[in-house]
Number of protein chains: 2
Amino acid sequence: MLLFFLRVINYKKNNYYYNKIEGTIIFLSNFAPMIEDKNTPKTSLSELGEFGLIEHLTKNFEINQKSTVRGIGDDAAVLDFRDEKCIVTTDLLVEGVHFDLAYMPLKHLGYKAVMVNLSDVYAMNATASQITISIAVSNRFPLEAIEELYEGIYAAAKLYNIDVVGGDTTSSTKGLLISVTAIGHANEHVIVYRDGAKENDLLVVSGDLGAAYLGLQVLNRENEVFKVNPNAQPDLGPYSYLVERQLKPEARKDIKELLAELEVLPTSMIDISDGLSSEVMHLCTQSNVGVNLYEEKIPIDPVVISTCEEFNLNSTTVALNGGEDYELLFTIKQEDFPKIKANPNLTVIGHMLDKKSGMALVTRANERIQLKAQGWNPIKE
Amino acid sequence: MLLFFLRVINYKKNNYYYNKIEGTIIFLSNFAPMIEDKNTPKTSLSELGEFGLIEHLTKNFEINQKSTVRGIGDDAAVLDFRDEKCIVTTDLLVEGVHFDLAYMPLKHLGYKAVMVNLSDVYAMNATASQITISIAVSNRFPLEAIEELYEGIYAAAKLYNIDVVGGDTTSSTKGLLISVTAIGHANEHVIVYRDGAKENDLLVVSGDLGAAYLGLQVLNRENEVFKVNPNAQPDLGPYSYLVERQLKPEARKDIKELLAELEVLPTSMIDISDGLSSEVMHLCTQSNVGVNLYEEKIPIDPVVISTCEEFNLNSTTVALNGGEDYELLFTIKQEDFPKIKANPNLTVIGHMLDKKSGMALVTRANERIQLKAQGWNPIKE
């Protein structure tokens, strides 16, 4: 029994390449994280031991970055950023909290774990160059499952030109946990923080919003159907963009390059992991400014709109609070507007006010509603 | 009910300051990670939410390192190592695998989680300067328990002059997991790798070995006694050095400084986390050399010897395979021997041979036995 029959197709949208997932998902009522083809060997992790496992999993990782002096295999990695500043960020992904292996294929999970972290480096307007990967995994996972996870990590590292320079592999008493630290570098003059937004700056977002959250809703719904009728296999064709945004998000490496090309240096920047609303509030709070965020400007894919209708959800609410979009949210000076206005990757969605004007959503009916952060919270939920 | 009544006393041994733990342990048959004084408020983590929790836990962390340009509070930390190389290492600690909260107080756990990682930076002959801390924690932990954990992290950061520059805090479905990434820096000419040992070099170790493993055996034994008779409370007085090495290890920050002072640059170095035997083999394998390791030279504390007798264990086996000592193991050129021979912190325990001579322990009876790595393995156990 295969977890997924996925066909990944590259396509271009808004001048940006996406991978499209086509195919049919087979849900697993009783999850076993393995390919149940009887010819597939199932190797117990304990046969390899820690060093054997690390060596086995990391032997394919290549060192491509000039800044990597020494990678895996010593007490620590040695990196050389010369005149540039070093950027460090870290994120944990926990089974049952951040992902459900019933519909998250391990390869996609590995890929996503890397993206989540690279996104934070790109949100500093920096170049990501290295990651460390630590996993804690219960013995119910055979080696082949962990290999799948690492295939996703490897694919991400290759596509984004990242060296894997360290990590730790250990057992857990329950489930799977992935901890990634991403490291990057940037000239100090181009690093963009969250606290630089000024009154009258324009608020800009890359890509479109809400799709990743809706993708999760689609997967959840189909999983419920499957639990009742295990023979029902959903055709996710109409939702492929949504499912792909949930299962295989891409970090916006291209935006740094695009902004450099357009000669625009944002005044503040953040990535959208917890929902647009929450991130806008972070920028405002840390920059001591207010905002008018215009509902009608929020970029939403037509599939998000039609699927919201199907689920009886408000698409603005989904875009504001959905999370996991991994788009970049930033502010620019008004004078930079002509440089970005023709770009299909970027949408101006608001403008910054003085602090006492507060943080508000301006609705299509021209009402001004106070922004609330209702995004996903891994502690509260 | 208190987890521990610990009194921490500073004392000096071999010119190196240790903290000594004195007192009586109260084991918990039914573990609840909290102080059960009814006056102690128990705050649920969900009341705070992720951002509230992070802010609450990190508000006391100070930035002291010049190399920290930006710490907690943005998408990523920004560090500046100027002409020096950047050192990165990461480790996971998992409840039920690496620690047992029945006898590991949370404050000690936080402290130890930092030490384990700093030790890897020092093993590169580098200066540790920053850490990121990620924790996944189940809701059975009240805020006060996580505060205790962070007190230990804070104490370690303060004593070792480390900035906490990032992290992630999330819930887990079971237990507690801590992921630390330590970052440091060093001039490229002083960085010491595992692969630089040469034939005829001397093998040197700091401190003494085996105590941390025995400390765990003592705690395990007393915990078994406690399970049978919950009124029995052990007096750990005679074992305080062992228990302290297990519960509050110190990373050998001082050895880098000492070696610089003595003008000795090791040819290879590693820290002892999995046991002397395993680490000697790593140095030999990566350096393509063999070794004679002399049993009679291995530094063992008298309390380790007497407690080994009590437990009917061989003290050499404990020193070779015990692990968690966090001492530094390194090789030096023979010509540097006069510089280190008088130092009570350092013991020459062997010398390096050509590769085909193999890796051997030379026993007190002058037998040459092939070295085996039987150290702790978090995947196999």
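Residues numbered from 1 in each chain as written. Chains lettered and ligands numbered in written order. Predicted model: local features only at pLDDT ≥ 70, side-chain atom pairs only at ≥ 80, totals over all residues. Heavy atoms only, no water.

### Notes on the overall build of chain A
Applied cut-off: Secondary structure counts use DSSP, requiring at least four H or I residues in a row for a helix and at least two E residues in a row for a strand, with both numbered from the N terminus. Working definition: with a 1.4 Å probe on protein chains only, accessible area under 20% of the residue-type maximum means buried, over 50% means exposed, and in between means partly exposed. Only the protein chains shown count as cover for residues, with accessible areas throughout obtained via the Shrake-Rupley method and a probe of 1.4 Å.
Counting secondary structure elements, chain A contains 10 helices and 15 strands. Put simply, chain A has 381 residues, and 61% of those count as buried. As displayed, chain A has an accessible area near 15100 Å², and 48% of this comes from carbon and sulfur atoms.

### Concerning the UniProt feature "binding site: Mg(2+) 4" (unreviewed entry) in chain A
To keep it simple, the criterion reads: UniProt positions are given in the numbering used here, feature names are shortened, and annotations may be inferred rather than shown by experiment. Contact between two residues is taken to exist if any of their heavy atoms lie within 4.5 Å; hydrogens are not considered.
UniProt's entry tags Asp75(A), Thr89(A) and Asp120(A) with the feature "binding site: Mg(2+) 4" (unreviewed entry), counted in the numbering of this structure. By the secondary structure assignment, Asp75(A) is in the loop between strand S3 (68-70) and strand S4 (77-79). Its relative accessible area of 4% is what places Asp75(A) among the buried residues. With residues up to four places along the chain from it excluded, the contact list for Asp75(A) reads Thr89(B), Asp120(B), Ala123(B), Met124(B), Arg194(B), Met269(B), Ile270(B) and Asp271(B).

### Looking at the side chain of Thr363(B)
All names here are of chain B. When you line up the elements, Thr363 lands in the loop between strand S14 (359-362) and strand S15 (368-370). Thr363 gets classed as buried once you look at its relative accessible area, which sits at 13%. Sequence-distant contacts of Thr363, defined by excluding residues within four places in its chain, comprise Glu295 and Ile369.

### Comments concerning unusual backbone geometry
The backbone phi angle of Arg82(A) is positive, close to 45°, even though this residue is not glycine. Note on placement: Arg82(A) falls in the loop between S4 and strand S5 (85-94). Looking at Arg82(A), the relative accessible area reads 62%, which means it is exposed. Its identity as a non-glycine residue notwithstanding, Asn200(B) has a phi of 80°, on the positive side.

### Here we look at empty space enclosed by the protein
This is how the line gets drawn: Buriedness of a pocket was judged along seven lines, with at least five required to meet protein on both sides within 12 Å; pockets are open sets of points on a 1 Å grid over the protein atoms alone, cavities are sets where a 1.4 Å probe fits but cannot get out, and lining residues have an atom within 4 Å of a point. Grid points are joined across faces, edges and corners, and a volume is the space filled by probe spheres set on the points.
Here the structure, examined in full by the defined rule, presents 6 cavities of 30 Å³ or more. At the level of secondary structure, the elements contributing two or more residues to the lining of the largest cavity comprise strand S8 (176-186) of chain A together with strand S8 (176-186) of chain B.

### What about the packing of aromatic side chains?
How we decide: The aromatic pairing rule takes the rings of Phe, Tyr and Trp, using the six-membered ring of Trp, and pairs them if the centres are within 6.5 Å, calling planes under 30 degrees apart stacked, those over 60 edge-to-face and the rest tilted. Both a distance and an angle decide whether a charge sits over a ring: NZ of Lys or CZ of Arg must be within 6 Å of the ring centre and within 35 degrees of the ring normal.
Within the structure shown, the criterion is met by 6 aromatic pairs over all chains. For the ring pair Phe61(B) and Tyr154(B), a centre distance of 5.6 Å and an interplane angle of 55° mean the geometry is tilted. Of this pair, Phe61(B) sits in the loop between helix H1 (45-58) and strand S3 (68-70) while Tyr154(B) sits in helix H3 (residues 143-159); the two residues are 93 residues apart in sequence, bridging distant segments of the chain. Here a set of aromatic residues connected by ring pairs shows up, and it is made of Phe61(A), Tyr150(A) and Tyr154(A). Seen from the ring of Tyr111(A), Lys248(A) lies directly overhead, with NZ or CZ sitting 4.2 Å from the centre.

### Thoughts on helix H8 (residues 302-311) of chain A
Residue and element names in this part refer to chain A. What counts is decided by this rule: Our arc is simply the arc of the directions from the helix axis toward the C-beta atoms. The definition of a polar contact used here is a pair of N or O atoms within 3.5 Å, where within protein one atom must be able to donate a hydrogen and the other to accept one, and adjacent residues in sequence count solely through side-chain atom pairs.
Turning to H8, its buried residues are Val304, Thr307 and Cys308. In a view along the axis of H8, the buried residues occupy a sector of 110°, so they form one face of it. Seen from the buried face of H8, the exposed residues on the opposite side, beyond 90 degrees, are Pro302 and Glu309. Buried residues along H8 sit in contact with helix H4 (211-228), helix H5 (240-247) and helix H9 (315-321). For H8, the side-chain oxygen to backbone nitrogen distance between the N-cap and Val303 is 2.9 Å, and the N-cap itself is Asp301. Positioned one or two residues after H8, Asn312 has a phi angle of 60°, which is positive.

### Examining the sheet that holds strand S14 (residues 359-362) of chain A
All names here are of chain A. Inclusion rule: Whether two strands pair comes down to DSSP finding at least two bridges between them. Between N-to-C directions, angles cover 0 to 180 degrees, with each direction set by a line fitted to C-alpha atoms, over the stretch in contact for helices.
If you trace the 7 strands from one edge of the open sheet to the other, you get S10-S12-S9-S13-S11-S14-S15, paired in mixed fashion. Unpaired on one side and paired on the other, strand S10 (268-271) and strand S15 (368-370) mark the two borders of the sheet. Going across the sheet, the axis of each strand differs from the next one's by a mean of 25°, ignoring polarity. By the bridge criterion, 4 bridges tie S10 to strand S12 (residues 328-332) in an arrangement that is antiparallel. Bridged to Ile270 within S12 is Leu329. This element, helix H6 (residues 253-262), spans strand S9 (202-206), S12 and strand S13 (346-354) of the sheet and lies at about 75° to S13.

### Digging into the relation of the copies chain A and chain B
We apply this condition: In superposing the copies, a least-squares fit is computed on C-alpha atoms, taking residues whose pLDDT is at least 70 in both.
Mapping chain A onto chain B is achieved by rotating through 180° and translating by 0.0 Å along the same axis, at an RMSD of 0.0 Å. Such a combination of rotation and displacement between the chain copies is what one expects of a two-fold axis. Both copies contact each other with a shared surface, as 100% of the interface residues of chain A are interface residues in chain B too.

### Thoughts on the confidence of the model for chain A
Detailed reading of the predicted coordinates is not advisable wherever pLDDT is low. Stated precisely, the cut-off is as follows: A residue's pLDDT is the confidence the predictor assigns to it, expressed on a 0 to 100 scale.
Confidence in the prediction for chain A averages 86 pLDDT; 87% of positions are at 70 or higher. For the stretch residues 1-38 of chain A, pLDDT sits under 50, and the model shows 111 contacts to residues farther than four places along the chain or on other chains.

### So, the sheet that holds S3(A)
What the 6 strands build is an open sheet, ordered S3(A)-S4(A)-S5(B)-S8(B)-S6(B)-S7(B); its pairing is mixed. The open sheet has two edge strands, S3 of chain A together with strand S7 (163-171) of chain B, and neither has a second partner. Averaged over all pairs of adjacent strands, the angle between strand axes in this sheet comes to 20°, irrespective of strand direction. Alignment of strand S6 (residues 127-137) of chain B against S7(B), held across 8 bridges, turns out to be parallel. Across the sheet, residue Ile131(B) finds its bridge partner in S7(B), namely Val164(B).

### Observations regarding the pattern of salt bridges
Note the threshold: Here, a salt bridge means any side-chain nitrogen of Lys or Arg that lies within 4 Å of a carboxyl oxygen of Asp or Glu.
Summed over all chains, the structure comprises 34 salt bridges over all chains. One salt bridge connects Glu310(A) with Arg221(A), and the closest N-O pair in it is separated by 2.8 Å. Placement of the pair is Glu310(A) in helix H8 and Arg221(A) in helix H4, with a sequence separation of 89 residues. A salt bridge links Lys356(B) to Asp354(B); the shortest N-O distance between them is 3.0 Å. Through salt bridges that share partners, Asp80(A), Arg82(A), Lys85(B) and Glu188(B) make up one connected network.

### Remarks on the interface of chain A and chain B
Which entries qualify depends on this criterion: The term buried area means the drop in 1.4 Å probe accessible area that two parts suffer when joined, counted for both and summed. Only Asp, Glu, Lys and Arg are considered charged in this grouping, and only Ala, Val, Leu, Ile, Met, Phe, Trp, Tyr, Cys and Pro are considered nonpolar; every other residue, Gly among them, is considered polar.
Tallying the contact residues gives 68 residues for chain A and 68 residues for chain B. Of the roughly 5400 Å² buried between chain A and chain B, counting both surfaces, carbon and sulfur atoms make up 55%. If you look at where chain A meets chain B, you find 8 salt bridges. The shortest N-O distance in the salt bridge between Asp80(B) and Lys85(A) comes to 3.3 Å. Connecting chain A to chain B are 24 residue pairs in polar contact (both at pLDDT 80 or more). Considering each element in turn, the side of chain A that touches chain B owes the most residues, 9 residues, to S5(A). The class makeup of the residues in the side of chain A that touches chain B is 27 nonpolar, 22 polar and 19 charged.

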